[in-house]
Protein chains: 2
Amino acid sequence: MAGEMNKWILMVTTRAPTNIAVIKYWGKRDEKLILPINDSISVTLDLNHLSATTTVAVSPSFEEDRMWLNGKEIPLSGGRYQNCLREIRSRAGDFKDEKRGIHIKKEDWCKLHFHIASYNNFPTAAGLASSAAGFACLVFSLAKLMNVNDDLSQLSAIARQGSGSACRSLYGGFVKWAMGNDLNGSDSVAIQLARETHWSDLVIIIAVVSSRQKETSSTTGMRESVETSTLLQHRAQVLVPGRILQMEDAIRNRDFSSFARLTCVDSNQFHAICLDTNPPIFYMNDTSHKLINLVERWNRHEGTPQVAYTFDAGPNAVMIAKDQKAATHLLQRLLFYFPPPPENEMSSYVLGDKTILQEAGIQSLNDIKALRPPPEVNNEASTRRYPGDVSYFICTRPGKGALVLEEEDEALIDTQTGLPK
Amino acid sequence: MAGEMNKWILMVTTRAPTNIAVIKYWGKRDEKLILPINDSISVTLDLNHLSATTTVAVSPSFEEDRMWLNGKEIPLSGGRYQNCLREIRSRAGDFKDEKRGIHIKKEDWCKLHFHIASYNNFPTAAGLASSAAGFACLVFSLAKLMNVNDDLSQLSAIARQGSGSACRSLYGGFVKWAMGNDLNGSDSVAIQLARETHWSDLVIIIAVVSSRQKETSSTTGMRESVETSTLLQHRAQVLVPGRILQMEDAIRNRDFSSFARLTCVDSNQFHAICLDTNPPIFYMNDTSHKLINLVERWNRHEGTPQVAYTFDAGPNAVMIAKDQKAATHLLQRLLFYFPPPPENEMSSYVLGDKTILQEAGIQSLNDIKALRPPPEVNNEASTRRYPGDVSYFICTRPGKGALVLEEEDEALIDTQTGLPK
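Going by an unreviewed UniProt entry, chain A carries the name Diphosphomevalonate decarboxylase and comes from Apostasia shenzhenica. UniProt, in its Function (unreviewed entry) section for chain A, records the words "Performs the first committed step in the biosynthesis of isoprene-containing compounds such as sterols and terpenoids." Chain A has a UniProt comment under Catalytic activity (unreviewed entry) that states "(R)-5-diphosphomevalonate + ATP = isopentenyl diphosphate + ADP + phosphate + CO2".

S.K.: How do you make sense of helix H4 (residues 218–228) of chain B when you look at a structure like this?
M.R.: Turn by turn, an α-helix covers 3.6 residues, leaving residues three or four places apart pointing in a common direction. Residue and element names in this part refer to chain B. If you check which residues of H4 are buried, you get Gly-221, Met-222 and Ser-225. Buried residues along H4 cover an arc of 90° about the axis, so they all sit on one side. On its buried face, H4 is in contact with strand E3 (28–30), helix H5 (232–252) and helix H6 (256–275).

S.K.: Would you mind going over the packing of aromatic side chains with me for this structure?
M.R.: Two descriptors summarise a pair of aromatic rings, namely the distance from one centre to the other and the angle between the planes of the rings. Per the counting criterion, the structure on display carries 26 aromatic pairs over all chains. Judged by centre distance (5.0 Å) and plane angle (35°), the rings of Tyr-81 of chain B and Phe-135 of chain B are tilted. Taken together, the residues Tyr-81 of chain B in helix H1 (residues 79–90) and Phe-135 of chain B in helix H2 (residues 130–145) connect sequence positions 54 residues apart. Pairwise contacts between aromatic rings join Phe-174, Trp-199, Phe-256 and Phe-259 of chain A into one cluster. The ring of Tyr-386 of chain A has Lys-290 of chain A sitting right over it, with the charged end atom 3.8 Å from the ring centre.

S.K.: What am I meant to see in the environment of Asn-184 of chain A here?
M.R.: All names here are of chain A. Relative to the elements of secondary structure, Asn-184 occurs in the loop between strand E12 (174–177) and strand E13 (190–194). When its relative accessible area of 53% is taken as the criterion, Asn-184 is described as exposed. Separated by 163 residues in sequence, Asn-184 and Ser-347 place their C-alpha atoms 48 Å apart. At 2.9 Å, the side chain of Asn-184 forms a polar contact with the backbone nitrogen of Ser-186.

S.K.: Would you mind going over the interface of chain B and chain A with me for this structure?
M.R.: Note: interface size is frequently given as the accessible area lost on complex formation between the parts. Contacts between the two partners involve 31 residues from chain B and, on the opposite side, 31 residues from chain A. At the boundary of chain B with chain A, total buried surface from both sides reaches about 2,600 Å², with 59% on carbon and sulfur atoms. Three residues, Leu-231, Leu-275 and Phe-282 of chain B, lead the burial of chain B against chain A; their summed loss comes to 22% of the area buried on that side. The interface formed by chain B and chain A contains zero salt bridges.

S.K.: Mind showing me how you'd approach the sheet that holds strand E7 (residues 66–69) of chain B here?
M.R.: Sheets are built from strands that pair by backbone hydrogen bonding, the pairs being arranged parallel or antiparallel. All names here are of chain B. Taking strand neighbours across the sheet as the criterion, the six strands line up as E8-E7-E11-E6-E1-E19 in an open arrangement whose pairing is mixed. Edge positions in the open sheet fall to strand E8 (72–74) and strand E19 (403–405), since each of these has one partner strand only. Strand after strand, the sheet turns through a mean of 25° between neighbouring axes, direction not considered. The sheet contact formed by E7 and E8 spans three bridges and is antiparallel. Looking across to E8, one finds that Leu-69 is bridged to Lys-72.

S.K.: Could you clarify how one ought to interpret the pattern of salt bridges in this entry?
M.R.: Pairing of side chains with opposite charge becomes possible as their charged atoms draw close. Residue and element names in this part refer to chain A. Within this structure, the stated rule accounts for 30 salt bridges over all chains. A salt bridge links Lys-24 to Asp-312, with the nearest nitrogen and oxygen atoms 2.7 Å apart. In this pair, Lys-24 sits in the loop between strand E2 (19–23) and strand E3 (28–30) while Asp-312 sits in the loop between strand E15 (307–310) and strand E16 (317–321), placing the two residues 288 residues apart along the sequence. Salt bridges sharing partners connect three or more residues here, namely Arg-86, Glu-87, Arg-91 and Asp-150.

S.K.: Would you take a moment to explain the pairing of E12 of chain A for this structure?
M.R.: Within a regular beta strand, the side chains point alternately toward one face of the sheet and then the other, so they alternate between its two faces. Residue and element names in this part refer to chain A. Burial along E12 is two-sided: the residues Phe-174 and Lys-176 and Val-175 and Trp-177 are all buried. Taken together, the four bridges between strand E5 (residues 40–44) and E12 define a ladder with antiparallel strand orientation. Bridge pairing in E12 links Ser-40 to Trp-177. Pairing geometry for E12 and E13, over four bridges, is antiparallel. For Lys-176, the partnering residue across the bridge sits in E13 and is Ile-191.

S.K.: Can you help me understand the pairing of E2 of chain A in this one?
M.R.: Residue and element names in this part refer to chain A. In terms of residue burial, E2 counts as a mostly covered element, since five of its five residues are buried. Looking at chain direction, E2 and E5 are connected through four bridges and run antiparallel. The partner of Asn-19 across the bridge, within E5, is Thr-44.

Reading guide: rules and limits
- Residues numbered from 1 in each chain as written.
- Chains lettered and ligands numbered in written order.
- Predicted model: local features only at pLDDT ≥ 70, side-chain atom pairs only at ≥ 80, totals over all residues.
- Heavy atoms only, no water.
- UniProt positions renumbered as here; feature names shortened; annotations may be inferred.
- Buried < 20%, exposed > 50% of the residue type's maximum accessible area, 1.4 Å probe, protein only.
- Helix = DSSP H or I, 4+ residues; strand = E, 2+ residues; numbered from the N terminus.
- Arc of directions from axis to C-beta.
- Contact = heavy atoms within 4.5 Å.
- Phe/Tyr/Trp six-rings, centres within 6.5 Å; stacked < 30°, edge-to-face > 60°.
- Lys NZ or Arg CZ within 6 Å of the ring centre and 35° of its normal.
- Polar contact = N/O pair within 3.5 Å; in protein donor to acceptor, adjacent residues only side chain to side chain.
- Buried area = accessible area lost by both parts, 1.4 Å probe.
- Salt bridge = Lys/Arg side-chain N within 4 Å of Asp/Glu carboxyl O.
- Pairing = 2+ DSSP bridges.
- Axes fitted to C-alpha atoms, helices over the stretch in contact; angles between N-to-C directions.

The following block contains the structure:
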């Protein structure tokens, strides 16, 4: 690194998806290394609708590590960021760009500073696992920049140290996070169970539920559950191992009935553990309960599950429909019960993949007004509508894992200034 | 029983309280005999505020068994009524009233018919364990009428066959329902742990929570939990036995901190089991959650519990305050957050023991309007008020068990007609 070369900037931009657990991660056995007390399984969500994009830049002219999230500078001093930076730096490879005359030896990465810019294409506050996408993306882009030779599974163990569920966001499709046994966490890694193309029928609708309550963070929540719930260890040690095997089978066989049953009971059990925590943690609210009742009633009426639901550490419902037809019927039901409040616009109420809205024959707010109660409803109390209970819906699908964006105009950092564009 | 004596009517009137479990009963091992899967412990509530009153009358002129509940005739054909009637009849003793010339031999009771009138002094629909008070009262009055020699504990095994928790309503104070071991249920009986005078400081405030949802009956709910919850047996077999011992200690030592902790965690665990049921059962709603948060925040602020909360199969909160002072402060907090809706009157909003309202310095709706947020509140979001979320409050205390009402004007059946007054 000669003095005259001070002006170069190297950068890499990547995108990583968020994911939704269908067998839940709740409870750490090691808080620092973020080692879980049970395996978990997730579905990766489509990058187009729910992802983080991150540009990492390095230059000898940078004087310190800096980071901007959604345009706002944030401190990088947190242990979780530092863990990821340290781990990636320690695995860095040599870098050589003959044309530009840039040579970085692997031992020199630790003398260089990074500028990192990241944004989420969905509201951070919505409680949609932005930290999973964010840390997966950070680790993936740093690894690409520094020529880290590790495979995705080894990288997942680093992303895990940023945010546990981030380790599952490197892969697309269906992903298992094996809890592992090693004290140092080396085998607590994510592996891909199946690609997104293995089960391409599935359609996902997310209801972002309005909430005034400030929620317990998942980090705090799971710590309190580990310390106080007298049901948690029974779940983690006795119940989850069998469920993991059953879920792997269900995914392998594309057995939607089993998949839906396991997804729903595991989500409900996770929230049961939260309720068994002292003091109790409530993530679901009355709207979440209504969404569950809607799905349960419809599934029972059909005789075979059409939709699975799962809730993370908040009131939002993630509903996984068997296929496009079931998703269409689900969306009609959702919009019947949860129409937009009067001042809303259609385009900001149903986001993401618009094909489901089209198949449902809904083009305007008047089409929503005209919806009839679903046929499975047999009493008047069940035909009440709740405008405003849901903030908006996102229609999406299982999707790919983290990827590199090659186009320079997708970079979030200016190649001249080294600052966010 | 000579023909000329056809006109006589014999009757007995008794009153029995409702009770609130502090270690919950949830799950039967025998549906027919109503045998539970774990012991439970309850506090009996004051007869003056929450009780059933029942008159049972017998006469050779009655042609069939008939019953009126709250003035309305109801069928007695249900298995639970029949079980209680059969069991009591089989234990009947001889009856002799020399003055009136009435002789009934014990074997003749089965040839006679009963008229039964019962009413609750609280709304049946409020979800306040009316069946516990009702069956305790029915069995107690029948036993008194038929000169049954059994002690209360033996009678409790009969009341149990009407409604499980009814067995705990025969005694006052603090009551344990031992699950028992016998296949025939003979040792699944209630025993008194302590009289109500043993711990007379306690004050109880019930928030009857408004709800539009139709709830799963507790009979159906616990059957579904037994069939589908994978946490229920762990609770019943591993966790509850220790809690029962700890709760007995807490009651014996009037140790409010332990009593409150055990009461709250057991209520929350019972609701966790409901959530772990497939499909999940939600008894608590957003208002219930707010009530819990209010109590938890205040207890934490005080450093030592002031109030315990517990919820049965519905959204109503039963809050047990350490003493009159704590109850006064609790009621101020409750009325701050949950004022009556505009059209309400004070006298129909806080029912029962009015002394707590007086000590709280609240005489009018304007006094409620003028209440300030509690000192433990540290952010604006926590000062929002929710008029209409609570239907009304009932202030009460631990109370006596079932008793005979000797005054003839307290009877619910007319001595001339044999029909409800």
